[in-house]
Amino acid sequence: MATEPWLPQALLQRKRNGEALDAPALRRWMRGVAEGRVSDAQLGAFAMAVCLRGMSAAETLALTLAMRDSGDCLDWHAAGLDGPLLDKHSTGGVGDLTSLVLGPLIAACGGYVPMLSGRGLGHTGGTLDKLESIPGLRSEVDPTRLQQVVREAGVAIVAAGGALAPADQRLYAVRDVTATVDSIPLITGSILSKKLAAGSHALLLDVKVGSGATLADRGSAEALAASLVEVAHAAGLPTRALLTDMGEPLAGCVGNGLEMRAAIDYLLGTSTPPRLHELVLLLGVEMLQQGGLAADAADARRRLCAARDSGAAAQRLQHMVALLGGPADLLERHVRYLPGAACRVPVQAMESGVVSAIDASVLGMGLVALGGGRCVPGAAIDPRVGIDAIVAVGSPVEPGVPLAWIHTADASQAAAVRERLRRAFILGQRAEPAPILLRRVGACSDAEVTA
Ligand code: URA
């Protein structure tokens, strides 16, 4: 008997009309996405329908598993690792470079970190774009190479590639340019499909809140954290989430090369941006405890500080970079390898006051306008452009004082974004910087994690 042809538009119609999609239908759809039988237009329509109609928890779990099963899952049994596989993922932030330093730190403390990361998404930056600002480095690797890099360097921050969660790769690129980033089921499926495919023993989620986050408001971030933890546990992955503030860039800069440089300076100990340092220790302590690599929080903190102070974490980054095709002398010559753009233009304050808030999403979209993010899927980006020396919330300023500096390929480009960037800085009489940690969600027992 002839089988009926599969019509992608039938599923779109169901979702558009508000029906819940079942697991077999989602599995078939995501396989179609991975195999190229669903067009970008259909994928954009799917993303928009999910954005507008939402998904139940059961549907979100089915979506996540369908995305995971669109490709392979890593098997670590034969890898001979002598420590736990630990992973962390951020829901996305402007000037959030935490993964670039946390991965090497955890590796230097005895964990193994297979970190499948993403590119820029909407106004938020992507860890892979930051990493690829290093000349020669290629983050697209096959699973065999990924496992080899994890075994040798302890950390691999790489793209999922065509083999792992390939449906996410296509959906992610389409969401980036179709205003469908801020959907709780889509973010849940995107993050967890990659994490489940990577096969870690435990996961820590950094759920961002504030103007530089994918979901700016606290209520949405709480709902996202709950969705992520619930779906991860249902899929068998021990997971904790922390709600943390993303109301301003963590190291005073936004831009792929600039953030990579800030990450290296942090690991070398030559610069310690306070909000980055506090967040890194907070997340690192949690991860070492999840992996049974520290007796308690104080012990975990001591181990993380020692891994940074001794240079061991910086060496882990260097090792990973070299294995991924980057220069073997990155640590010594990173300023030369990551030069920034030729033209630097200040964004000056027009009046006196205290910086009471920053609209970090404006900084993120400013980066896209400068050529540091994408307007169409797969477009090339300029790793040198960005914004740095961004004043922190709470800083007093006078007229003429730079609020930030634009790094651009040409001055006319800077003129086009300067006014918009100036309006991102809200001046008032006084300001209290927000605490980094807002809330913990879903702590599981450390006993759940075994190497
Ligand atoms: N990170 C991801 O991998 N996916 C999202 O949708 C958001 C952040």
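Residues numbered from 1 in each chain as written. Predicted model: local features only at pLDDT ≥ 70, side-chain atom pairs only at ≥ 80, totals over all residues. Heavy atoms only, no water.

Ordered by their spatial adjacency, three strands build an open sheet running S6-S10-S8, and the pairing between neighbours is antiparallel. Each edge of the open sheet carries a strand with a single partner, namely strand S6 (343–348) and strand S8 (386–388). Across the sheet, the mean angle separating the axes of adjacent strands is 30° when strand polarity is ignored. The pairing of S6 with strand S10 (residues 402–408) spans six bridges and is antiparallel. Across the sheet, residue valine 345 finds its bridge partner in S10, namely isoleucine 406. Helix H16 (residues 360–372) contacts S8 and S10 of the sheet and is inclined by roughly 135° relative to S8. Strands S6, S8 and S10 of the sheet are contacted by helix H17 (residues 411–422), whose axis makes an angle of about 25° with S6. (Pairing = 2+ DSSP bridges. Helix = DSSP H or I, 4+ residues; strand = E, 2+ residues; numbered from the N terminus. Axes fitted to C-alpha atoms, helices over the stretch in contact; angles between N-to-C directions. Contact = heavy atoms within 4.5 Å.)

A separate point is the site of the ligand. The local shell around the ligand consists of His89, Ser90, Thr91, Leu121, Tyr172, Arg175, Ile187, Ser190, Ile191 and Lys194. Separating a nitrogen atom of the ligand from a side-chain N or O atom of serine 190 is a distance of 2.7 Å. Residue lysine 194 places a side-chain N or O atom 2.5 Å away from an oxygen atom belonging to the ligand. Here the ligand loses 96% of its free accessible area of 230 Å² to cover by the protein chains. Breaking the shell around the ligand down by element, the ones donating at least two residues are strand S1 (86–90), helix H8 (166–176) and helix H9 (184–198). Considering every element that reaches the shell around the ligand, the biggest residue donor is H9, with four residues. Residues of the shell around the ligand, tallied by class, amount to four nonpolar, four polar and two charged. (Near = heavy atom within 4 Å. Polar contact = N/O pair within 3.5 Å; in protein donor to acceptor, adjacent residues only side chain to side chain. Areas by Shrake-Rupley, 256 points an atom, 1.4 Å probe, with all protein chains shown as cover. Nonpolar A, V, L, I, M, F, W, Y, C, P; charged D, E, K, R; others polar.)

Moving on to the sheet that holds strand S9 (residues 396–397). Strands sit in the order S9-S7-S11 across an open sheet of three strands; the sheet is antiparallel. Two strands in the sheet have a free side with no partner beyond their single neighbour: S9 and strand S11 (425–428). Taken together, the four bridges between strand S7 (residues 353–358) and S11 define a ladder with antiparallel strand orientation. Across the sheet, residue isoleucine 358 finds its bridge partner in S11, namely phenylalanine 425.

Let us look at helix H15 (residues 330–337). Those residues of H15 that fall on the buried side of the exposure criterion are Leu330, Leu331, His334 and Tyr337. The buried residues of H15 occupy one face: seen down the axis, they fall within an arc of 80°. Away from its buried face, by an angle of more than 90 degrees, H15 presents the exposed residues Glu332 and Arg336. Buried residues along H15 sit in contact with helix H11 (256–268) and helix H14 (312–323). (Buried < 20%, exposed > 50% of the residue type's maximum accessible area, 1.4 Å probe, protein only. Arc of directions from axis to C-beta.)

For the rest of this paragraph, the subject is the pattern of salt bridges. Here the structure, examined in full by the defined rule, presents 25 salt bridges. A salt bridge links aspartate 40 to arginine 170; its shortest N-O distance comes to 2.8 Å. A residue pair is termed long-range when its members are at least 10 positions apart, and aspartate 40 in helix H3 (residues 40–53) and arginine 170 in helix H8 qualify at 130 residues. When its relative accessible area of 43% is taken as the criterion, aspartate 40 is described as partly exposed. (Salt bridge = Lys/Arg side-chain N within 4 Å of Asp/Glu carboxyl O.)

On inspection of all chains with the given rule, the structure shows two aromatic pairs. Plain terms: the ring middles of tryptophan 6 and tryptophan 29 are 6.2 Å apart, the flat faces sit at 65° to each other, and that makes the pair edge-to-face. Of this pair, tryptophan 6 sits in the segment before helix H1 (8–16) while tryptophan 29 sits in helix H2 (residues 23–34), placing them 23 residues apart in sequence. Judged by relative accessible area, which is 22%, tryptophan 6 ranks as partly exposed. Residue classification places tryptophan 29 among the buried residues on the basis of a relative accessible area of 0%. (Phe/Tyr/Trp six-rings, centres within 6.5 Å; stacked < 30°, edge-to-face > 60°.)

When cut into domains, the chain gives domain 1 (8–68), domain 2 (86–335) and domain 3 (340–428). Taking only C-alpha atoms into account, the centre of domain 1 sits 37 Å from that of domain 3. (Domains from an automatic or database assignment.)

This next bit is on the side chain of glutamine 147. If you trace the backbone, glutamine 147 turns up in helix H7 (residues 143–153). On the basis of relative accessible area, glutamine 147 is assigned to the buried category, the value being 15%. Those residues within four positions of glutamine 147 in sequence are excluded, and the remaining contacts are Leu74, Asp75 and Trp76.

Another aspect to go through is the packing of H11 against H15. Where H11 contacts H15, the axes come no closer than 10 Å and their chain directions differ by 150°. One finds that H11 runs roughly antiparallel with respect to H15. The way H11 lies across H15 gives a crossing that is left-handed. Contacts between H11 and H15 pair Arg261, Ile264, Asp265 and Leu268 from the former with Leu330, Leu331, His334 and Val335 from the latter. For the contact of H11 with H15, a count of residues per class yields five nonpolar, one polar and two charged. (Parallel < 35°, antiparallel > 145°, perpendicular 65-115°, else oblique. Left-handed = near helix turned anticlockwise from the far one by under 90°.)

The biggest cluster of nonpolar side chains holds 74 residues, and the ones touching the most others in it are Leu146, Met260 and Met320. Counting residues per element, this core draws most heavily on helix H12 (residues 274–290), at nine residues. Once residues within four sequence positions are removed from consideration, leucine 146 is found in contact with Leu74, Trp76, Pro114, Leu116, Val141, Ala156, Val158 and Leu164. Formed by 27 residues, the second largest nonpolar core is a distinct cluster that contains Val347, Leu363, Val385 and Ala424. (Core = buried A, V, L, I, M, F, W, Y, C linked by side-chain atoms within 4.5 Å.)

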